[in-house]
Amino acid sequence: MATLILFAASLLGGYLFPWWWPAVAAYAVGFWLPRRAGAAFASGFAGTALAWTACAGFLDLRNHHLLSNRIADLFHLPAGALVPFLTGLIGGIMGGMAAWAGFALRAYVKPRAPVAVTGPDSDTGGAPAAAGEDTAAV
Amino acid sequence: MNPKSTPGWIEPVALGGVLLLVLILLDCRLGPLPPIARFFNPFSGFWLNAEGDHPKDAQLRAPGLYETVTVVFDKRQVPHIFAQNAHDLFFAQGYVTARDRLWQMEIQSLAAAGRLAEVMGPALVDHDRFQRRLGMLQASEKTLELVKKNEESWQAAKAYSDGVNAWIKDLEPADYPIEYKLLDYAPRRWTPLNTVLMNKNLQWTLSGGGDDLPMTNTLAKLGRDFVGRYFPLRSPDVTPVIPPGTRWDSTTMAPPPPIDSTRGTGSPWTRFLQIPGAGGGDSAIRQASPPESAEPSSPTPLPVPATRPDPGNGSNNFVVSGSRTRGGYPILANDPHLDLGLPSIWYEIQLSAPGMAAYGVSLPGAPAVLIGFNRKIAWGETNGNDDVFDWYRMTFKDSSLSEYMYAGQWKPTSRVIEAIKVRGGPTILDTVVYTHQGPLVLKSQEKPWTRNTPSLHALRWLALDPSDEMLTFLRIMKAGGYDEFSAALDPFHCPSQNFAFASAAGDIALFHHGLFPRKWKGQGRFTMDGSEPGNDWSGWLPRRAEPAAKNPAQGWLFSANQSPTDTTYPFYLGSQFLNGSRAKRLGQILSEADSLTPENAFGILMDDYDLHAAEVLPALLAKTAKARFSKEDSAARQKLAAWDFRHDAGKQAPALFDKWWRILYRSIWQDEFGGDSLHYQWPGKDRTRRMILEEPDAEWFDDISTPSRENLSFLAARSFREACDILRSGPDWSHYRPVQIRHLAHIDAFSRLDVMAGGCADCVNALKGTHGPSWRMVVALDKEPRGYGIYPGGQSGNPGSPHYADFIGDWAAGRYYNLTFLTDPGMVSGETSYRLQLRGK
């Protein structure tokens, strides 16, 4: 859910707001939705990364990798096709960090019960959740 | 749960801090890297420069236009602009040029002005200081004042600026050319001063630099006889630009009386080395090597736009009258040789408005077309190479540089304070000292930017006088015949050019044109004594004395930067004409060309026969016939002996010959000039070849650094073995001499470094590694002129566009495109891609 929301927010807001918009969105989503820090990071990362990769990938295909090959050359990457993923990684780090920070604030101001209220959180998405991360300070 | 462990607020605050830090890191430049997230994000970063396939027809609002302008883009993205008046025409030219080349035009004008540090930081301060010291910015401002007085050029320059700004105004950061994103700055407003600066840049490239300093050093070292013998002003076997026998109108004035520059105190030439008040010694002439050129490894762009004149800047043009062409119409051809760069120095365009039209190449940043044709005439230029760049040794009263000796008296200098803004640093104030001759480019003990700049010398350079060359090209667009064309040249002063002209009416002509200082013979060939009034330039040659020819009996005219005239011409114009194999070969081809076709002309510009090699190689092989060589080296000799002297990309022999020649040339002169760190002018390739052919026993073949006596045979054999050793792998010509077309900011990823092509410095197709035919054009002056042309680049300046470098393959292969002159915007051509309608309201 959080991933989906962030994916949509990153895509739509990207055209309206500055590049750091996904950080704002992910912070808010991290505050509201996830139950664990790992899940927050994972959904923040995935939502933004997917949006950025998809958008870059579309532009790259339309451009027949012309520019991405030059950018790959510039940054010593082996292939232009990797550049959309690098783009996603950069977006993802920002989104993940923001969601995690949002979650931490929530955990401090209004800690949620560690047990699901409305059902199991499906947003962990198999992302690594280190033991130390999911301790909300309660 | 456990309030005694870490307080609960630590984590959100710490994570918030880390988040902020990440955002800041992603938003700022780290070393050479662009702001990472701003650069990579797919909503406003570089991805927006990844152009899609097909632009569509569109209507755009461009406030400032009087009427609607239609721009038809063809498949190569060449704009054909149709306007109702001159204002709208140049407005639209500025608009579409900015659309395709904004970063290039801005960075080149900033470079000319000495303002690169402003956008690129402290590394460019030395560059900027040099430009300011040359007086580029001051001169451009003075020139602008002159342009303002010429209604025609002022209106064009203003309209062009308005067009550029109309494009810039609608740009969001997401739309900026990729270089702005990479280097993280924003485009500035364009002004007519920027346009003037573009022309200043061209003047520097084509008339700046000079060899006065190294010539002076050579003179001081080896004497007048040597210079007279080994630096001839003309070559016996190169036809001058203006055919011998042409009458000169020099009735009204004689050349000024020569000054004996050797007179005065001290031994004749050694006093060149003494600069009073300069710390003594030979500091004025001893120069360190220039700063390392910026060759960054990507992704580190350290942009130093190429602003150093190449001594090999040359070009070809020729015109053949209808009597010698198959179609019975004149044919004009031109290929200016310049540094090859991306985005290309040229932008192809058609301009049409009532009463004026042109198709050809324009300089991004300036209105009109520089080389091209309209429906009645065609024109093209090569560099004139006249000497309008002279250095004066100054004697200052003291180190404050406030007074200098002139005509036996102390005369005050004037000063200009130049403020060099530096990105990420404090503004640097630099005082430029001027004498009446011009600026003092290097003060004492300063590191020279180019090694041929002497310190404590004042520069007299024609480009620092205001002149309005733009006006010439605006008038050529309206010219329909010889008289109008000739009149249009009047305002063109610098850099002097060989203007080739042909008309549908059947005329051909060549003008060696510019503003020529009236000089005594040899004036300005060496640095001159600045205290001697007789060394100053004294007046100008009148236009009627300029070397020019119209419809000569031979039926053809050409120029390849060689001497403009034979010895009957009464005035001295300079000593840097290129009387080499290229000019000789082109003259030979044209004298034999009968019933020429445009296709023949294509071939002539692509000619890669090396006359220099053809003349010298047989002699070198003969000289080394008796020497002993290893089996491999003998095989290499066989290859050379079988060579047809053509520099084709796939041949090995040209690489072998080139290496051999270079080593031999060096071994002949190195011992004479290599003893110290001074910068000397060495006798040229052509004179050295003549020495090999005609003076095989010359003393210069002896290596004076050894006790034994070497001769030509010995040097030739030794250098051949060395060349073979170095070229063990046997590279072909195109790998030995790769053609590299570099991005203006030296960003490898935006460059083409692997172009395979033939040609050589001495070929008509003068393609050296990074320098060569920057635009090849042939025009048949039939009832409707038919143009053909190509340049090594593409119309778009955007590395993410399919039109960024799309001409390079065809250019390397010697192909030409049809330059389709559209007569009206509705004309349906198979080549039309899309149309833009620009509306003022």
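Rules used throughout
Residues numbered from 1 in each chain as written. Chains lettered and ligands numbered in written order. Predicted model: local features only at pLDDT ≥ 70, side-chain atom pairs only at ≥ 80, totals over all residues. Heavy atoms only, no water. Helix = DSSP H or I, 4+ residues; strand = E, 2+ residues; numbered from the N terminus. Buried < 20%, exposed > 50% of the residue type's maximum accessible area, 1.4 Å probe, protein only. Contact = heavy atoms within 4.5 Å. Areas by Shrake-Rupley, 256 points an atom, 1.4 Å probe, with all protein chains shown as cover. Phe/Tyr/Trp six-rings, centres within 6.5 Å; stacked < 30°, edge-to-face > 60°. Lys NZ or Arg CZ within 6 Å of the ring centre and 35° of its normal. Patch = residues over 30% accessible without salt bridge, like charges linked within 9 Å, V, L, I, M, F, W, Y side chains within 5 Å. Salt bridge = Lys/Arg side-chain N within 4 Å of Asp/Glu carboxyl O. Buried area = accessible area lost by both parts, 1.4 Å probe. Polar contact = N/O pair within 3.5 Å; in protein donor to acceptor, adjacent residues only side chain to side chain. Pairing = 2+ DSSP bridges. pLDDT = per-residue confidence, 0-100. Axes fitted to C-alpha atoms, helices over the stretch in contact; angles between N-to-C directions. Disulfide = S-S within 2.5 Å. Expected span 1.5 Å × (residues − 1). Bend = angle between axes of the 7 residues up to and from the residue. Parallel < 35°, antiparallel > 145°, perpendicular 65-115°, else oblique. Left-handed = near helix turned anticlockwise from the far one by under 90°. Nonpolar A, V, L, I, M, F, W, Y, C, P; charged D, E, K, R; others polar.

**With respect to the overall build of chain A**
Part 1 of the reasoning: When you go through chain A residue by residue, the secondary structure sums to five helices and zero strands.
Part 2 of the reasoning: Listed N to C, the secondary structure of chain A is α-α-α-α-α in terms of helices and strands.
Part 3 of the reasoning: Here chain A holds 138 residues, and 48% of them are scored as buried.
Part 4 of the reasoning: Long-range contacts, defined as pairs at least 24 residues apart, comprise 82% of the intrachain contacts of chain A with a sequence gap of at least 6.
Part 5 of the reasoning: On chain A, roughly 6500 Å² of surface is accessible, and the fraction owed to carbon and sulfur atoms is 74%.

**Quick look at the overall build of chain B**
Part 1 of the reasoning: Regarding its fold elements, chain B presents 21 helices and 28 strands.
Part 2 of the reasoning: The C-alpha extent of chain B, read off along each of the three principal axes, is 95 × 80 × 70 Å.
Part 3 of the reasoning: For chain B, the proportion of its 841 residues judged to be buried stands at 62%.
Part 4 of the reasoning: Partitioning the intrachain contacts of chain B with sequence separation of at least 6 by distance along the chain shows that 72% fall at a separation of at least 24.
Part 5 of the reasoning: Carbon and sulfur atoms make up 53% of the accessible area of chain B, which amounts to about 30800 Å² in all.

**What about the packing of aromatic side chains?**
Part 1 of the reasoning: On inspection of all chains with the given rule, the structure shows 57 aromatic pairs over all chains.
Part 2 of the reasoning: Seen from their ring centres, Phe17(A) and Trp21(A) are 4.7 Å apart, and the 40 degrees between their planes marks the pair as tilted.
Part 3 of the reasoning: The class of Phe17(A) is partly exposed, set by a relative accessible area of 41%.
Part 4 of the reasoning: Note on Phe226(B) and Trp700(B): the rings are 4.8 Å apart at their centroids and 75 degrees apart in plane angle, and the pair reads as edge-to-face. In this pair, Phe226(B) sits in helix H10 (residues 212-230) while Trp700(B) sits in the loop between helix H18 (685-694) and helix H19 (712-726), placing the two residues 474 residues apart along the sequence.
Part 5 of the reasoning: Since its relative accessible area comes to 4%, Phe226(B) is described here as buried.
Part 6 of the reasoning: With relative accessibility at 11%, the residue Trp700(B) sits in the buried group.
Part 7 of the reasoning: Geometry around Phe31(A) places Arg106(A) over its ring, the cationic atom sitting 5.5 Å from the centre.

**A look at a nonpolar patch on the surface**
Part 1 of the reasoning: On the surface, a nonpolar cluster with roughly 470 Å² of combined accessible area is contributed by Tyr108(A), Val109(A), Trp9(B), Ile10(B) and Val13(B).
Part 2 of the reasoning: For the nonpolar patch, the secondary-structure elements that each account for two or more residues are helix H5 (83-109) of chain A together with helix H1 (10-27) of chain B.
Part 3 of the reasoning: Along the chain, the position of Val13(B) falls in helix H1.

**Describing the interface of chain A and chain B**
Part 1 of the reasoning: At the junction of the two partners, chain A supplies 42 residues and chain B supplies 44 residues.
Part 2 of the reasoning: When chain A packs against chain B, close to 3700 Å² is buried across both sides, 77% of that on carbon and sulfur atoms.
Part 3 of the reasoning: Between the two partners, chain A and chain B, sit zero salt bridges.
Part 4 of the reasoning: Summed over the shared surface of chain A and chain B, the number is seven residue pairs in polar contact (both at pLDDT 80 or more).

**Remarks on the pairing of strand S28 (residues 832-839) of chain B**
All names here are of chain B.
Part 1 of the reasoning: Pairing of strand S1 (residues 58-61) with S28, which is carried by four bridges, proceeds in the parallel orientation. For Leu60, the partnering residue across the bridge sits in S28 and is Leu838.
Part 2 of the reasoning: For strand S2 (residues 69-74) and S28, the ladder comprises six bridges, and the chain directions are antiparallel. Note on S28: the bridge partner recorded for Phe73 is Tyr834.

**Remarks on the environment of Gly314(B)**
Residues and elements named next belong to chain B.
Part 1 of the reasoning: Along the chain, Gly314 falls in the loop between H10 and strand S4 (315-320).
Part 2 of the reasoning: The spacing of Gly314 and Ala766 is 452 residues in sequence and 8.4 Å in space, taken between C-alpha atoms.
Part 3 of the reasoning: Residues in contact with Gly314, not counting those within four places in the same chain, are Pro336, His337, Asn561, Arg582 and His771.

**Comments concerning the environment of Pro7(B)**
Part 1 of the reasoning: By secondary structure assignment, the location of Pro7(B) is in the segment before H1.
Part 2 of the reasoning: Each C-alpha atom of the pair Pro7(B) and Pro491(B) lies 81 Å from the other, and the pair is 484 residues apart in sequence.

**Remarks on the pairing of strand S13 (residues 409-412) of chain B**
Looking down a regular strand, the side chains alternate between one sheet face and the other.
Residues and elements named next belong to chain B.
Part 1 of the reasoning: Of the strand pairs in this sheet, strand S12 (residues 403-406) and S13 are connected by four bridges, and their pairing is antiparallel. By the bridge assignment for S13, Met405 is matched with Trp410.
Part 2 of the reasoning: Following S12, the chain reverses through two residues before pairing antiparallel with S13; Ala407 in that reversal takes a positive phi of roughly 50 degrees.

**Details of the confidence of the model for chain A**
Residues and elements named next belong to chain A.
Part 1 of the reasoning: The share of residues in chain A with pLDDT of 70 or more is 80%, and the mean pLDDT across the chain is 81.
Part 2 of the reasoning: Within chain A, helix H4 (residues 66-74) carries the highest mean pLDDT (95), whereas helix H1 (residues 2-14) carries the lowest (87).
Part 3 of the reasoning: Low pLDDT, under 50, characterises residues 115-138; the predicted model gives this stretch 32 contacts beyond four residues in sequence or across chains.

**Here's the deal with the pattern of salt bridges**
All names here are of chain B.
Part 1 of the reasoning: On inspection of all chains with the given rule, the structure shows 46 salt bridges over all chains.
Part 2 of the reasoning: Notably, a salt bridge pairs Lys519 with Asp390, separated by 2.8 Å at the nearest N-O pair. With a gap of 129 residues between them, Lys519 in the loop between strand S18 (508-513) and strand S19 (528-529) and Asp390 in strand S11 (residues 389-393) connect regions that are remote in the sequence.
Part 3 of the reasoning: Note on Asp390: relative accessible area 0%, which makes it buried.
Part 4 of the reasoning: A network of salt bridges, in which partner residues are shared, links Asp126, Arg129, Arg133, Asp430, Glu446 and Lys447.

**Let's talk about the environment of Trp21(A)**
Residue and element names in this part refer to chain A.
Part 1 of the reasoning: With respect to the helices and strands, the residue Trp21 is situated in helix H2 (residues 21-32).
Part 2 of the reasoning: A C-alpha to C-alpha distance of 27 Å links Trp21 and Leu74, two positions 53 residues apart in sequence.
Part 3 of the reasoning: Residue contacts for Trp21: discarding those within four places in its chain leaves Ala9, Ser10, Gly13 and Gly14.

**Thoughts on the sheet that holds S1(B)**
Pairing between sheet strands relies on hydrogen bonds along the backbone, with the strands arranged either parallel or antiparallel.
All names here are of chain B.
Part 1 of the reasoning: The strand order S1-S28-S2-S3-S7-S8-S9-S10-S17-S18-S20 describes an open sheet built from eleven strands, whose pairing is mixed. The open sheet terminates on both sides in strands that have one partner only, identified here as S1 and strand S20 (548-550). In this sheet, neighbouring strand axes are inclined to one another by 20 degrees on average, regardless of whether the strands run parallel or antiparallel.
Part 2 of the reasoning: Bridge count between S18 and S20: three bridges; the pairing is antiparallel. Note on S20: the bridge partner recorded for Leu510 is Ala549.

**Observations concerning the sheet that holds S19(B)**
All names here are of chain B.
Part 1 of the reasoning: Pairing is mixed in the open sheet, where three strands are placed in the order S16-S11-S19. The sheet is open, and its two edges are formed by strand S16 (457-461) and S19, each paired on a single side.
Part 2 of the reasoning: Bridge count between S11 and S19: two bridges; the pairing is parallel. Among the inter-strand pairings, Tyr392 is bridged to a residue of S19, identified as Met528.

**Structural notes on the state of the cysteines**
Covalently bonding the sulfur atom of one cysteine to the sulfur atom of another cysteine gives a disulfide.
All names here are of chain B.
Part 1 of the reasoning: Using the criterion set out here, one finds one disulfide over all chains in the structure.
Part 2 of the reasoning: Paired by a disulfide, Cys760 and Cys763 hold their sulfur atoms 2.3 Å apart. Looking down the S-S bond of the Cys760 and Cys763 bridge, the torsion is 95 degrees, so its handedness is right-handed. Just as Cys760 is buried, Cys763 falls in that class too.

**Quick word on helix H15 (residues 611-623) of chain B**
Every α-helix winds through 3.6 residues per turn, so residues three or four apart in the chain are directed the same way.
Residue and element names in this part refer to chain B.
Part 1 of the reasoning: Given a rise of 1.5 Å per residue, 13 residues ought to cover 18 Å, and the 19 Å separating the end C-alpha atoms of H15 matches this to within 8%.
Part 2 of the reasoning: Roughly 30 degrees is the biggest bend found in H15, and it falls at Leu617, with proline Pro618 one to four residues downstream.
Part 3 of the reasoning: As for H15, its buried residues are in contact with helix H13 (581-592), helix H16 (631-641), helix H17 (653-673), H18 and H19.
Part 4 of the reasoning: You can read the cap of H15 off the contacts: a side-chain oxygen lies 3.1 Å from the backbone nitrogen of His612, and it is on Asp610.

**A look at the packing of helix H6 (residues 136-149) of chain B against helix H9 (residues 192-207) of chain B**
All names here are of chain B.
Part 1 of the reasoning: At their nearest, the axes of H6 and H9 sit 9 Å apart, and the two run at 120 degrees to each other. With respect to each other, H6 and H9 are oriented oblique. Here the hand of the crossing between H6 and H9 comes out right-handed. Contacts between H6 and H9 involve Met136, Leu137, Ala139, Ser140, Glu141, Thr143, Leu144 and Val147 from the former and Pro192, Leu193, Val196, Leu197, Lys200, Asn201 and Trp204 from the latter.
Part 2 of the reasoning: Here the contact of H6 with H9 is composed, by residue class, of ten nonpolar, three polar and two charged.

**Considering the packing of H13(B) against H15(B)**
Residues and elements named next belong to chain B.
Part 1 of the reasoning: At a closest axis distance of 8 Å, the pairing of H13 and H15 adopts a crossing angle of 105 degrees. With respect to each other, H13 and H15 are oriented roughly perpendicular. Along the contact surface, H13 presents Ser581, Lys584, Arg585 and Gln588, while H15 presents Leu611, His612 and Glu615.
Part 2 of the reasoning: Each residue belonging to the contact of H13 with H15 can be placed in one class, and the counts come to one nonpolar, three polar and three charged.

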